[in-house]
Amino acid sequence: MQALSPVLSAHDLACRRGDRLLFRRLSFTLGAGAACHVTGANGAGKTTLIRALAGLTMPYAGEVRREGALGLLDERTGLDPDLPLGRALAFWFALDGVVEADAIMTRLRLDALAEVPVRYLSTGQKKRAALARMVGQQAPIWLLDEPLSGLDTASQGLVSALVREHCTGGGIALIASHQPLNVPGMTSLAIEDYAPADQDEDA
Ligand SMILES: Nc1ncnc2c1ncn2[C@@H]1O[C@H](COP(=O)(O)OP(=O)(O)OP(=O)(O)O)[C@@H](O)[C@H]1O
C-alpha cells in the first residue's frame, strides 16, 4: 500500500500571495511515520503552504520534494453533488482499487448516508465523506487542511486515530489545524516563525 519510504520535504521555501510574502526560509523533512502539525493564525499561510507542498501553487522561492503519492484533504470533497454518497464514493473507490469500501464507509460512519445526495450532506458529513475518499486513495503522503473543522467530538477523535494508524503504517501526515490532534510524537511547525519580520500578519 505505502511507498517503501515516502519523503516530504521543503527546502528554503517562500510563498507569496498578491504583494505579500507570507513565509520564507521554511525547511523541513518528514520521513516514513512522521506527523507534523502546522499552526498559525488566520491568513498566516497554512493553506498556501499545503498547496505549495501539493504542487498546486508555485512557490516564490525554494523547493518541495515528494517521494510517494499524495492524498490531499481540503475544503472540497471532489464528490459529485448530485449523486447519492454511496455512488459518489464508489466512483473513486473503483478508480483507486479499493477492496475494503464497506469497511471504510463504516469506519467513517457513512453507512446510513449512502442514499443521501452529496449536496444534502451536512458540513461534518461532507468532511467525513472527503476523509473516506482520501483513505481509499491509499497514498503514503497525507496533506490535511483543517481536517477537524465542522466535525463533532467523536469524529475529531476518529481523525486523530486515522492519522495515528497512517503513520504507524509508514505514512506521512502534515496537518494544518487550529485544533489539537491526539497523535503521539507529532512535531509542530508554527508558520509565523517563518514570517518576514517587516510585515503585519493581518496586512
Ligand atoms: N489567490 C489569492 N490572491 C491573493 N491573496 C490570497 C490568495 N489566496 C489567499 N490569499 C491571501 O494569502 C494569505 C494566506 O492565506 P491562507 O489561506 O494560506 O491562510 P491560512 O493560514 O490557511 O488561514 P486560515 O487559518 O484562515 O485558513 C491570506 O491573507 C489570504 O487573504
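For the structure itself, look to the data block above.
Everything numeric in this text was worked out from a predicted model, so none of it was measured.

**Points about the nonpolar core**
Grouped together as the largest cluster of nonpolar side chains are 57 residues, with contacts concentrated most on A129, L131, V163, A173 and L174. Of all the elements, helix α4 (residues 123-137) adds the most residues to this core, at six residues. Here this core gathers at least three residues from each of two domains, domain 1 (1-69 + 140-196) and domain 2 (80-138). With residues near it in sequence (within four places) discarded, L131 still touches L73, L108, P147, V159 and L162.

**A closer look at the site of the ligand**
Neighbouring residues of the ligand: R17, G18, L22, G40, N42, G43, A44, G45, K46, T47 and T48. Counting residues per element, the shell around the ligand draws most heavily on helix α1 (residues 46-54), at three residues.

**A short note on the sheet that holds strand β6 (residues 141-145)**
Read from one edge to the other, the open sheet built from five strands follows the order β5-β6-β7-β3-β8, with strand pairing classed as parallel. The sheet terminates laterally at β5 (70-73) and β8 (187-190), the two strands that pair on one side only. Each neighbouring strand pair of the sheet contributes to a mean axis angle of 15 degrees, computed without reference to strand direction. Bridge analysis of β5 against β6 gives four bridges, and the strand direction is parallel. The residue of β6 that forms the bridge with G71 is W142. Set on the sheet, α4 makes contact with β5 and β6; between it and β5 the angle comes to about 175 degrees. Of the strands in this sheet, β3 (35-39), β6 and β7 (172-176) are in contact with helix α5 (residues 153-168), which crosses β7 at around 150 degrees.

Thresholds, definitions, all that
Residues numbered from 1 in each chain as written. Predicted model: local features only at pLDDT ≥ 70, side-chain atom pairs only at ≥ 80, totals over all residues. Core = buried A, V, L, I, M, F, W, Y, C linked by C-beta atoms within 7 Å. Buried ≥ 20, exposed ≤ 12 C-beta atoms within 10 Å, placed from the backbone. Helix = DSSP H or I, 4+ residues; strand = E, 2+ residues; numbered from the N terminus. Domains from an automatic or database assignment. Contact = placed C-beta atoms within 7 Å. Near = placed C-beta within 6 Å. Pairing = 2+ DSSP bridges. Axes fitted to C-alpha atoms, helices over the stretch in contact; angles between N-to-C directions.

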